[in-house]
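Architecture at a glance
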Amino acid sequence: WDNADFSRGAGTTFYQEFSTLNTAKPPFVRDVEAKVQRYLRSSYSAAWTLKITWEKAPAYSARTDTRKTITYQAVLTTDGFRSYILVLYQDGGMQWDYTRLPSTNVLIGYT
């Protein structure tokens, strides 16, 4: 994720939890399961999923520019034994101009 700056009142963050152990699964959870199965070529049935959304998040420091925003999500899911994360960006990928950020060592991804 990145150093988003919500101090100027632009953007929002919200989450939704899906506990699906022994319950009917909503379409979002079924979509997450399908993505995990497709990417890993393995069966997967989610017991718990958390969707976190950063909507219209301005880059730090928003004091200089709140016009360039990004909407992205992190989806954490587990079947109780294996856990996965999906990082989803709006169409077109990361929209922040990294050359204008205070730090120049910017990466997209995870290890």
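One can find the structure itself at the top, above this paragraph.
Here the residue numbers are simple positions, counted from 1 along each chain's written sequence. Per-residue local features of the predicted model are confined to residues with pLDDT of at least 70, and side-chain atom pairs are confined, for both listing and counting, to 80 or more; whole-chain, interface and lining totals are unaffected and use all residues. The side-chain numbers reported here are obtained from all heavy atoms of the structure, hydrogens and water having been left aside.

Numbering of helices and strands starts at the N terminus; helices are DSSP runs of H or I of at least 4 residues and strands are runs of E of at least 2. Secondary structure assignment for the protein chain yields one helix and four strands. Counting from the amino terminus, helix and strand elements in the protein chain follow one another as β-α-β-β-β. Burial classes follow relative accessibility: with a 1.4 Å probe on protein chains only, a residue under 20% of its type's maximum area counts as buried, one over 50% as exposed, and anything between as partly exposed. For the protein chain, the residues scored as buried account for 32% of the 111 residues in total. Considering only contacts within the protein chain whose residues lie at least 6 apart along the sequence, 61% involve residues at least 24 apart. Only the protein chains shown count as cover for residues, and all accessible areas are computed by the Shrake-Rupley method using a 1.4 Å probe. As displayed, the protein chain offers around 7,600 Å² of accessible surface, 51% of which is attributable to carbon and sulfur atoms. Note on contacts: a residue pair is in contact if any heavy atoms of the two residues lie within 4.5 Å.

Here the focus is unusual backbone geometry. A positive phi angle, close to 50°, is found at R41, a residue other than glycine. Position of R41 among the secondary structure elements: in the loop between helix 1 (27–40) and strand 2 (48–58). For R41, a relative accessible area of 76% corresponds to the exposed category. Of note in the backbone geometry, K56 takes a positive phi value of approximately 50° without being a glycine. Along the chain, K56 falls in strand 2. Accessibility expressed as a relative area gives 53% for K56, which makes it exposed.

DSSP-based pairing: two strands are paired if at least 2 bridges between them are found. Strands sit in the order 1-2-3-4 across an open sheet of four strands; the sheet is antiparallel. Each having just a single partner strand, strand 1 (12–19) and strand 4 (83–89) make up the two edges of the open sheet. The sheet shows a mean angle of 10° between the axes of neighbouring strands, taken without regard to direction. Pairing of strand 2 with strand 3 (residues 69–78), which is carried by nine bridges, proceeds in the antiparallel orientation. Considered in strand 3, the bridge of W54 is made with Y72. Under this scheme, a helix contributes an axis fitted over its contacting stretch, all axes are lines through C-alpha atoms, and angles between N-to-C directions fall in the 0 to 180 degree range. This element, helix 1, spans strand 1, strand 2, strand 3 and strand 4 of the sheet and lies at about 100° to strand 4.

Counting residues in hydrophobic clusters, the biggest one holds eight residues: A4, L50, I52, W54, A57, I70, Y72 and A74. Listing elements by their share of this core, those giving two or more residues are strand 2 and strand 3. Per-element accounting of this core gives the leading share, four residues, to strand 2. Counting five residues, the second largest nonpolar core, distinct from the first, contains F18, V29, V36 and Y44. Residues grouped as a nonpolar core are buried Ala, Val, Leu, Ile, Met, Phe, Trp, Tyr and Cys residues, joined through side-chain atoms within 4.5 Å.

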